[in-house]
Amino acid sequence: MLYKFDPIYFNGTIFLLGSWEMGMGFSEYERNNLPIPESFFPKSLTFDDASAPLPDMFHASRGLIVLSERARLVIEHWAPGQVEFIPVALQAPPAVAQRLNFDSAYYFINVLGRAQRFQWRETPTHKSSYPKGGTELFFPLPGISKWKLRGRSPEEPMIWHDTPWIDGNKRYSGQGNIFVEGVLWDALEAEFPDQLNVLRVGE
């Protein structure tokens with residue numbers, strides 16, 4: 001079973017972050033499905049408010065995910081070397097920090113795993129209105145239950161971004177998503193219940 005990796009909580013839900021930003025130009029690495037250099041990530045995040053303890057997995061902003069030390073240990077056990085963990089210092093006023101109940105360390109994650117597992121001929125797609133240099137761009141339609149991905153080969157990662165598929169002048173890309181094998185998703189859900197959206201691929 002496959003899942004999209006998507007923590008439930010994000011800035012503006014049970015916590016509120018102060019202003020912060022990634023280094024200029026990081027989106028070019030995302031578009032080209034390349035690891036983002038560590039220098040682009042902020043060194044610290046400040047919490048202005050919170051209504052509950054901080055989850056072990058959350059979005060600082062959509063697509064930029066932070067994990068606790070506890071969550072790092074689970075991923076490293078099941079998927080060693082497939083994720084880069086970039087330390088980030090979390091801080092808050094004393095009363096807010098008490099509600100957040102920080103773990104010992106936190107990290108932005110930079111998923112290094114890559115695999116081409118989308119079955120594009122079986123996955124509903126839409127064509128971009130903005131071709132790039134004569135290349136037609138295709139992306140999966142919303143509706144993750146209709147996406148088709150092949151099974152994992154033994155040498156492939158447990159957590160990954162999908163590698164674009166090139167067919168002549170057509171480029172099919174779904175690399176904006178992070179996918180995880182069911183065994184890893186189950187391990188995270190067992191350790192940190194109700195912190196991940198249940199997004200099964202192809203169900």
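Preceding this section is the structure that the text describes.
Let me begin by describing the structure that accompanies this report. Throughout this document, residue positions are counted from 1 along each chain, in the order its sequence is written. In keeping with the model being predicted, local features are shown solely for residues with a pLDDT of at least 70 and side-chain atom pairs are shown and tallied solely at 80 or more, while totals for entire chains, interfaces and linings include all residues. Processing note: side-chain calculations cover all non-hydrogen atoms of the structure and skip hydrogens and water entirely.

## Let's talk about the sheet that holds strand E5 (residues 64-68)
As a reminder of what qualifies: One requirement defines pairing of two strands: DSSP has to find at least two bridges between them. Note on conventions: DSSP H or I runs of at least 4 residues are helices, E runs of at least 2 residues are strands, and numbering of each starts at the N terminus. Think of each axis as a best-fit line through the C-alpha atoms, taken over the contacting stretch in the case of a helix, with angles from 0 to 180 degrees between the N-to-C directions. Working rule for contacts: check all heavy atoms of both residues, and any pair within 4.5 Å makes them a contact.
Strand order in the open sheet formed by 4 strands is E4-E5-E8-E6, with antiparallel pairing between adjacent strands. Each edge of the open sheet carries a strand with a single partner, namely strand E4 (57-61) and strand E6 (83-87). Put simply, the sheet's adjacent strands are angled 40° from each other on average, direction ignored. In this sheet, strand E8 (residues 106-111) lies alongside E6 in antiparallel orientation, the contact comprising 5 bridges. Within E8, the residue paired with Glu 84 across the bridge is Asn 110. On top of the sheet, helix H2 (residues 69-78) reaches E4, E5, E6 and E8; it is set at about 95° to E5, its chief contact.

## Overview of the sheet that holds strand E7 (residues 89-91)
Overall, mixed pairing links the 3 strands, which are arranged E2-E3-E7 in an open sheet. The open sheet has two edge strands with one neighbour each: strand E2 (15-17) and E7. Put simply, the sheet's adjacent strands are angled 35° from each other on average, direction ignored. Sheet analysis places strand E3 (residues 44-50) next to E7, joined by 3 bridges and oriented parallel. Note that in E7 the partner of Leu 45 across the bridge is Leu 90.

## Observations concerning the environment of Lys 4
Summarising the element assignment, Lys 4 is placed in strand E1 (residues 2-4). As a C-alpha pair, Lys 4 and Asp 103 span 99 residues in sequence and 25 Å in three-dimensional space. Apart from the residues within four sequence positions on either side, Lys 4 is in contact with Ile 144, Asn 177, Ile 178, Phe 179, Trp 185, Asn 197, Leu 199 and Val 201.

## Examining the pairing of E4
To keep things clear, this is the line we draw: Note on exposure labels: buried denotes an accessible area under 20% of the residue type's maximum, exposed denotes more than 50%, and partly exposed covers the range between, all computed with a 1.4 Å probe on protein chains only.
Across the 5 residues that make up E4, a large majority, 4, are buried. Here E4 runs beside E5; their pairing, made up of 4 bridges, is antiparallel. Its bridge partner being in E5, Ser 61 is matched across the sheet by Leu 64. Where E4 folds back onto E5 in an antiparallel hairpin, the turn is made up of 2 residues, including Gly 63, whose phi is positive at roughly 90°.

## Notes on the packing of aromatic side chains
Spelled out, the test is: Pairing of aromatic rings covers Phe, Tyr and Trp, the last through its six-membered ring, and needs centres within 6.5 Å; plane angles under 30 degrees mean stacked, over 60 mean edge-to-face, and all others mean tilted.
Enumeration over the complete set of coordinates arrives at 18 aromatic pairs. Between Tyr 3 and Trp 185, the aromatic rings sit 4.2 Å apart at their centres with planes inclined by 10°, giving stacked as the arrangement. Of this pair, Tyr 3 sits in strand E1 while Trp 185 sits in helix H4 (residues 182-191), and the two are 182 residues apart along the sequence. Taking the relative accessible area as the measure of exposure, Tyr 3 reaches 3% and is therefore buried. Using a relative accessible area of 5% as the deciding quantity, one classes Trp 185 as buried.

## Notes on H2
Stated formally: Pairing of N or O atoms within 3.5 Å defines a polar contact, subject to two protein rules: one partner must be a possible hydrogen donor and the other a possible acceptor, and residues neighboring in sequence count only if both atoms are side-chain atoms.
What H2 keeps buried is the set Glu 69, Ala 71, Arg 72, Val 74 and Ile 75. On the buried face of H2, the contacting elements are E4, E5, E6, E8 and H4. The backbone nitrogen of Arg 70 lies 3.3 Å from a side-chain oxygen of the residue at the head of H2, namely Ser 68.

## What to know about the pairing of E5
For E5, a buried count of 5 out of 5 residues is recorded, marking the element as mostly surrounded by other parts of the structure. Neither face of E5 is left uncovered, since the one carrying Leu 64, Val 66 and Ser 68 and the one carrying Ile 65 and Leu 67 both have all their residues buried. Here E5 runs beside E8; their pairing, made up of 3 bridges, is antiparallel. In the sheet register, Leu 67 faces E8, and the bridge partner there is Tyr 107.

## Overview of unusual backbone geometry
If you check the backbone angles, Asn 33 has positive phi at about 55° while not being a glycine. The residue Asn 33 is located in the loop between helix H1 (26-31) and E3 in this model. By relative accessible area, which is 10% here, Asn 33 ends up buried. Even without being glycine, Asp 194 reaches a positive phi, approximately 65°. For Asp 194, the position within the fold is in the segment after H4. Among the residues examined, Asp 194 registers a relative accessible area of 55% and is labelled exposed.

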